[in-house]
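# Observations on the model geometry
Each chain, letter by letter, is given below.
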Amino acid sequence: MSALLFIIAVDWVMRSTLSDENTGKWTLFNKLEDLDYADDLALLSHLETQMQRKTSNLQTNASKIGLNINIKKTEVMSLNTKSPPKIQLNGGDIKNTDYFTYLGSVVTSDGGADKDIISRLDDITRVALRWTPEGKRRKGRPKTTWRRTVEKELKEINLTWGEVEKIAKNREEWKSLVLALCASGCSKD
């Protein structure tokens, strides 16, 4: 199926699923019912019964055009509840979770941002430590690059690049490593 046809199909499924819900323009009395991006769908509800009805409607409408919901890839997350909801799909219970990633952001049941921040720091660490400039060195620029300098210093303290990547994920260990490297060649401001 082409991407355009797929988006049109998913849009029809979501409109049909939520047709009896209070959707449309957000006002004081309307509420957000779903988040959609390509094939990632997030249904939002205040009550377990509403969520079960939406999930069942989604399965019914999706199956009308030959789409299926994969129960192994489907999860339920609840906020401010004493016990997790038991939402079913095709006779099986959907797995409950404490967090999920939606469009690159980690959403957690406690509303905190810790997992999202850690996820983004891991990405920054990975990109920064593996960055290599493109193209050739301009005439007059030193042959010694930042990476070569760091590799030389790491060799002096018997560490490998892979070990440093692991250390960089732990903020306290990273600070200790940087202080150790600076102890011999840097001055504190």
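Attention in this report is confined to the structure presented alongside it. Within every chain, residues take consecutive numbers counted from 1 along the sequence as written. Thresholds applied to this predicted model are a pLDDT of at least 70 for local features of residues and 80 or more for the giving and counting of side-chain atom pairs; totals over whole chains, interfaces and linings are not thresholded and use all residues. Excluded from the side-chain calculation are hydrogens and water; included are all heavy atoms of the structure.

### Brief notes about helix α5 (residues 161–168)
Relative accessible area decides the class of each residue, using a 1.4 Å probe on protein chains only: under 20% of the type maximum gives buried, over 50% gives exposed, and in between gives partly exposed. In this text, helices come from DSSP runs of H or I with a minimum length of four residues, and strands from runs of E with a minimum of two, each type numbered from the N-terminal end. Where α5 is concerned, the buried positions are Trp161, Val164, Glu165, Ile167 and Ala168. For α5, the arc enclosing every buried residue in end-on projection is 165°, short of the 170-degree limit, so these residues lie on one face. Taken from the helix axis, the directions to the C-beta atoms give the arc we talk about.

### Focus on the nonpolar core
Among the nonpolar cores identified, the biggest contains twelve residues, and these are Val10, Val13, Met14, Leu18, Leu43, Met51, Leu58, Ala62, Val76, Ile87, Leu89 and Ile94. Going through the elements one at a time, α1 (3–17) and α2 (48–64) are the ones with two or more residues in this core. We call two residues contacting when some pair of their heavy atoms lies within 4.5 Å. The residues touching alanine 62, leaving out its near neighbours within four places in the chain, are Val13 and Leu67. Among buried residues, the Ala, Val, Leu, Ile, Met, Phe, Trp, Tyr and Cys ones that are joined through side-chain atoms within 4.5 Å form a nonpolar core. Leu154, Trp161, Val164 and Leu177 belong to the second largest nonpolar core, which has six residues in total.

### Considering the pattern of salt bridges
One speaks of a salt bridge when a side-chain nitrogen belonging to Lys or Arg is within 4 Å of a carboxyl oxygen belonging to Asp or Glu. Tallying each qualifying case throughout the model produces three salt bridges. A salt bridge links aspartate 11 to arginine 15; its shortest N-O distance comes to 2.8 Å. Of this pair, aspartate 11 and arginine 15 both sit in helix α1, four residues apart, which is roughly one turn of that helix. On the basis of relative accessible area, arginine 15 is assigned to the exposed category, the value being 59%.

### Here we look at the environment of asparagine 96
Relative to the helices and strands, asparagine 96 is located in strand β6 (residues 95–96). It is 5.6 Å that separates the C-alpha atoms of asparagine 96 and glutamate 75, two residues lying 21 residues apart in sequence. If we ignore the near neighbours within four places in the chain, the residues touching asparagine 96 are Val76, Pro84 and Pro85. As used in this structure description, the phrase polar contact means that two N or O atoms lie within 3.5 Å; if the pair is within protein, one of them must be able to donate a hydrogen and the other to accept it, and residues adjacent in sequence are counted only when both atoms belong to side chains. Of the polar contacts made by the side chain of asparagine 96, one reaches the backbone oxygen of proline 85; its length is 3.2 Å.

### A word on the side chain of serine 78
With respect to the helices, strands and loops of the structure, serine 78 is situated in the loop between β3 (75–76) and β4 (88–89). In this structure the side chain of serine 78 is engaged in a polar contact, spanning 3.0 Å, whose partner is the side chain of threonine 81. If sequence neighbours within four positions are ignored, serine 78 has contacts with Pro84, Pro85 and Ser109.

### Structural notes on unusual backbone geometry
Although it is not a glycine, asparagine 90 sits at a positive phi angle of roughly 55°. When you line up the elements, asparagine 90 lands in the loop between β4 and β5 (92–93). Judged by relative accessible area, asparagine 90 falls into the exposed class, the value being 63%. Phi at leucine 103 takes a positive value of approximately 55°, unusual for a residue other than glycine. Along the chain, leucine 103 falls in the loop between β7 (99–102) and β8 (105–108).

### Regarding a nonpolar patch on the surface
Taken together, Leu4, Leu5 and Ile8 make up a surface patch of nonpolar side chains, about 320 Å² in accessible area. By secondary structure assignment, the location of leucine 4 is in helix α1. On the basis of relative accessibility, which here comes to 60%, the residue leucine 4 falls in the exposed class. The patches described consist of residues with a relative accessible area above 30% and no salt bridge, like charges being joined within 9 Å and nonpolar side chains (Val, Leu, Ile, Met, Phe, Trp, Tyr) within 5 Å. Only the protein chains shown count as cover for residues, and all accessible areas are computed by the Shrake-Rupley method using a 1.4 Å probe.

### Points about the pairing of strand β1 (residues 34–37)
Pairing of β1 with strand β2 (residues 40–43) involves four bridges; the strand directions are antiparallel. What sits directly across from leucine 35, in β2, is alanine 42. The hairpin formed by β1 and β2 contains two residues between the paired strands, and alanine 38 there has a positive phi angle of roughly 55°. Whether two strands pair comes down to DSSP finding at least two bridges between them.

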